[in-house]
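Single-letter residue listing:
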Amino acid sequence: MIVFDRQDDSLRMLRVQQKPAFRESEPYSDQRKNRTQSQSDHTEHTLHISKCMASRGIRAFARASHESTYTAGVELSSLVLIGSFVLGLLLGSFMNVCISRLPVGESVIGGRSMCRSCGKTVRWYDNIPLLSWVILRARCRDCKAAISWRYPAVELATALWFLRSGSILWRDWNFTCDFCNQYQIQTNRVILDLAVLAAGYLLIGLMVMDWQTHTLPDSFTLSGIVLGFALTCVHAMYLAPGEGEIHLHRQVKLNSAGAGRSTGDLFITGPEAVVLGRVVAVAGAMLLLLLFHWGYKALRKREGMGMGDVKLLGMIAAFFGWWPAVLALFVGTITATAFAVIQMARGRADRLTELPYGSFLAIGGLITAMAGPMLIEWYAGLLR
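Let us look at the structure shown here.

Calculation rules
Residues numbered from 1 in each chain as written. Predicted model: local features only at pLDDT ≥ 70, side-chain atom pairs only at ≥ 80, totals over all residues. Heavy atoms only, no water. Axes fitted to C-alpha atoms, helices over the stretch in contact; angles between N-to-C directions. Helix = DSSP H or I, 4+ residues; strand = E, 2+ residues; numbered from the N terminus. Parallel < 35°, antiparallel > 145°, perpendicular 65-115°, else oblique. Left-handed = near helix turned anticlockwise from the far one by under 90°. Contact = heavy atoms within 4.5 Å. Nonpolar A, V, L, I, M, F, W, Y, C, P; charged D, E, K, R; others polar. Salt bridge = Lys/Arg side-chain N within 4 Å of Asp/Glu carboxyl O. Core = buried A, V, L, I, M, F, W, Y, C linked by side-chain atoms within 4.5 Å. Buried < 20%, exposed > 50% of the residue type's maximum accessible area, 1.4 Å probe, protein only. Expected span 1.5 Å × (residues − 1). Bend = angle between axes of the 7 residues up to and from the residue.

## Some details on the packing of helix 5 (residues 218-237) against helix 6 (residues 270-300)
- Taken N-terminus to C-terminus, the directions of helix 5 and helix 6 make an angle of 160°; their axes are 8 Å apart at the nearest point. Judged by the inter-axis angle, helix 5 sits roughly antiparallel to helix 6. The element helix 5 and its partner helix 6 pack so that their crossing is right-handed. Where helix 5 approaches helix 6, its residues I225, F229, T232, C233, H235 and A236 are matched on the opposing element by P271, V274, V275, R278, V279, V282 and M286.
- Here the residues of the contact of helix 5 with helix 6 are counted per class, giving ten nonpolar, two polar and one charged.

## Brief notes about the pattern of salt bridges
- Across all of its chains, the model carries seven salt bridges by this definition.
- The residue D218 makes a salt bridge to K311 at a minimum N-O spacing of 2.8 Å. Note that D218 is positioned in helix 5 and K311 in helix 7 (residues 307-320), a separation of 93 residues in sequence.
- Salt bridges linked by common partners bring R123, D126, R141 and D142 together as one network.

## Regarding the nonpolar core
- The biggest cluster of nonpolar side chains holds 47 residues, and the ones touching the most others in it are M315, F319 and L361.
- Of all the secondary-structure elements, those providing two or more residues to this core are helix 1 (28-101), helix 3 (150-173), helix 4 (182-213), helix 5, helix 6, helix 7, helix 8 (322-345) and helix 9 (357-383).
- Element by element, the count of residues in this core is highest for helix 4, at twelve residues.
- For L361, the contacting residues outside a window of four places in its chain are L289, D309, L312, L313, I316, A328, L329 and G332.

## What about helix 9?
- Look at helix 9: only 29 Å from first C-alpha to last across 27 residues, short of the 39 Å you get at 1.5 Å a residue.
- Where helix 9 bends most, at A371, the angle is about 80°, and the proline P373 comes one to four residues later.

Rendered as structure tokens:
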């Protein structure tokens, strides 16, 4: 008889007892037969135990490797999210500097932050995003003047936007595809995620600027148009072969730049369609608001919309394209109208009250950045 004890996924032999090699009551042939059968049973049992040990070892190793990889992935994902949130807080603090200085023509890179009431320089430990505002109880340490809630609000909004974008970037960076070019798809998704991240950051700043000062600085809107178009060009470089091509649906012979010689119905290659389409989108969006601007001025004999709003819509089109820009314009107009009606009902505004339309347009841009493709697809489905 063989007795085993399991300890730490291994088997340890404790005791071996075998039948006596010779029994007087049994003939010699029977003794030999019994001894051979016993040895055969012992060998089979040992092999079975070895297989079980190997199987358990392999499963234990695989389980440990999977758990180790999963744990490392979870820890790295958590670090990415925490880093995104902290980076958002820091850039939100810088955005507050831009909001305070750009509308009045001050430099955003020169000079330390100071209290707007007493002019005292803000100490470094009083300039920690979110935390300092809470510790100081929204009061200046020197003159006790109130610190606007706008500062922590912008920092928190930017941090949450970066947290959301960081989680999406991390997901798309680990995206895999077995039936197509994984590298191109992964890179393209990351580029589009970066475009959403940058557009949202600029839109948060422009929304607050226009709300407080009724100004939309060119350093944000025009720079946003350039940045959005640059990311579009990079996105076009990583299109998959044949993606985005425009065909004439009739057999003609054409030469298309960047595509070599075509003997079929190819009219414009994918990269050309993306880049030229984005140029048309920016020009069309700005022209659309220019027509509103000129029409309102001709009818009412006064300014109804500033050129900053025109550039802002062009920036949204540079990042997202024509139909998302139209959606942002629609959402901005609806929200601005609702706000005006509420203010007039409360007696706080009339027909001549100037509204920060750029703020509502920025809200439309943020909604478009988060759910634009889904809303456009839903609306297109209603028309089918």
